[in-house]
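# Fold and contact review
Listed below, chain by chain, are the residues.
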Amino acid sequence: MSVDAAPATVLVFSQRAEVRAAVRTALGTAPATDVGPLRYVECASGDEVVAAVDAGGIDLCLLDGEAQPTGGMGISRQLKNEIADCPQLVVLIARQADRWLAHWSLADATLAYPVDPLTAADVVAGLLRARAGQRPVVRR
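Residues numbered from 1 in each chain as written. Predicted model: local features only at pLDDT ≥ 70, side-chain atom pairs only at ≥ 80, totals over all residues. Heavy atoms only, no water.

### Points about the nonpolar core
In terms of nonpolar packing, the biggest core is built from 22 residues, with V23, L27, L60, L62, V90, L92 and L128 touching the most fellow members. Elements with a minimum of two residues in this core: β1 (8–13), α1 (17–27), β3 (60–64), β4 (88–93), β5 (109–112) and α5 (117–134). Considering each element in turn, this core owes the most residues, five residues, to α5. Every residue in contact with V90, bar those within four places of it in the chain, is listed here: L60, C61, L62, L63, A109, T110, L111, V123 and L127. Counting residues in hydrophobic clusters, the runner-up holds 16 residues, among them V49, L63, I83 and C86. (Core = buried A, V, L, I, M, F, W, Y, C linked by side-chain atoms within 4.5 Å. Buried < 20%, exposed > 50% of the residue type's maximum accessible area, 1.4 Å probe, protein only. Helix = DSSP H or I, 4+ residues; strand = E, 2+ residues; numbered from the N terminus. Contact = heavy atoms within 4.5 Å.)

### Structural notes on unusual backbone geometry
A cis amide bond links Q68 with the next residue in sequence, P69, at an omega value of 0°. Topologically, P69 is positioned in the loop between β3 and α3 (72–82). Here the bond from Y113 into P114 is cis, since omega is 10°, no more than 30 degrees from zero. Mapped onto the elements of the fold, P114 is located in the loop between β5 and α5. Positive phi, close to 70°, is recorded for L106, a residue that is not glycine. By the secondary structure assignment, L106 is in the loop between α4 (99–104) and β5.

### What about the pairing of β5?
Sheet topology note: the β4/β5 ladder contains four bridges and is parallel. For I93, the partnering residue across the bridge sits in β5 and is A112. (Pairing = 2+ DSSP bridges.)

### Some remarks on the sheet that holds β3
Pairing in this open sheet of five strands is parallel, and the strands run β2-β1-β3-β4-β5 from one edge to the other. Lying at the two open borders of the sheet, with one neighbouring strand each, are β2 (38–43) and β5. Shown here is a sheet whose adjacent strand axes are inclined to one another by a mean of 25°, direction ignored. Across the sheet, α1 touches β1, β2, β3 and β4, and the angle it forms with β2 is around 170°. (Axes fitted to C-alpha atoms, helices over the stretch in contact; angles between N-to-C directions.)

### Regarding the pairing of β1
Burial analysis of β1 places six of its six residues in the buried class, the great majority of the element. Burial along β1 is two-sided: A8, V10 and V12 facing one way and T9, L11 and F13 facing the other are all buried. In terms of handedness, the path from β1 via α1 over to β2 forms a crossover that is right-handed. (Right-handed = clockwise from strand over helix to strand, strands pointing away.)

### Digging into the pattern of salt bridges
Going through the model one piece at a time under the given rule, you end up with nine salt bridges. Residue R20 is joined to E42 by a salt bridge in which the shortest nitrogen-to-oxygen separation is 2.7 Å. Linking R20 in helix α1 with E42 in strand β2, this pair joins segments that are 22 residues apart in sequence. For R20, a relative accessible area of 12% translates into the label buried. We classify E42 as partly exposed; its relative accessible area is 36%. We note a salt bridge from D59 to R131, for which the minimum N-O separation is 3.8 Å. Placement of D59 in the loop between α2 (46–55) and β3 and of R131 in helix α5 is noted, with a sequence separation of 72 residues between them. Each member of the pair, D59 as well as R131, carries the same accessibility label: buried. Sharing partners across several salt bridges, the network here consists of R20, R24 and E42. (Salt bridge = Lys/Arg side-chain N within 4 Å of Asp/Glu carboxyl O.)

Written as structure tokens, this is what we have:
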């Protein structure tokens, strides 16, 4: 990992603990040498996701599109419409046919579940780089 890599906070949402664990395992602590270390916030309900994002400090959300009763696609659309500085959003989809729903949800990207570690690392690293590029420069 690069010395200059800024920490990033990744929210992982699913009502199923095994999905959250699979995402954390696939991404590890740093998806690329210039990204990370990753800190994880886990949420098991839509209300927890909204509260965590409202509180600030979340750089990227991985949302389970199959979650019940509130799915990640609905939460994604809600966050994009309600949060001014919305974190990058990735929706986990079980079927490729659901990509159109993820597009409707305004998600920045999709990942197929089960999560492929190489694809997930590339997608997450790219989105975190994009988010870092949007932040104002802080002079010390």
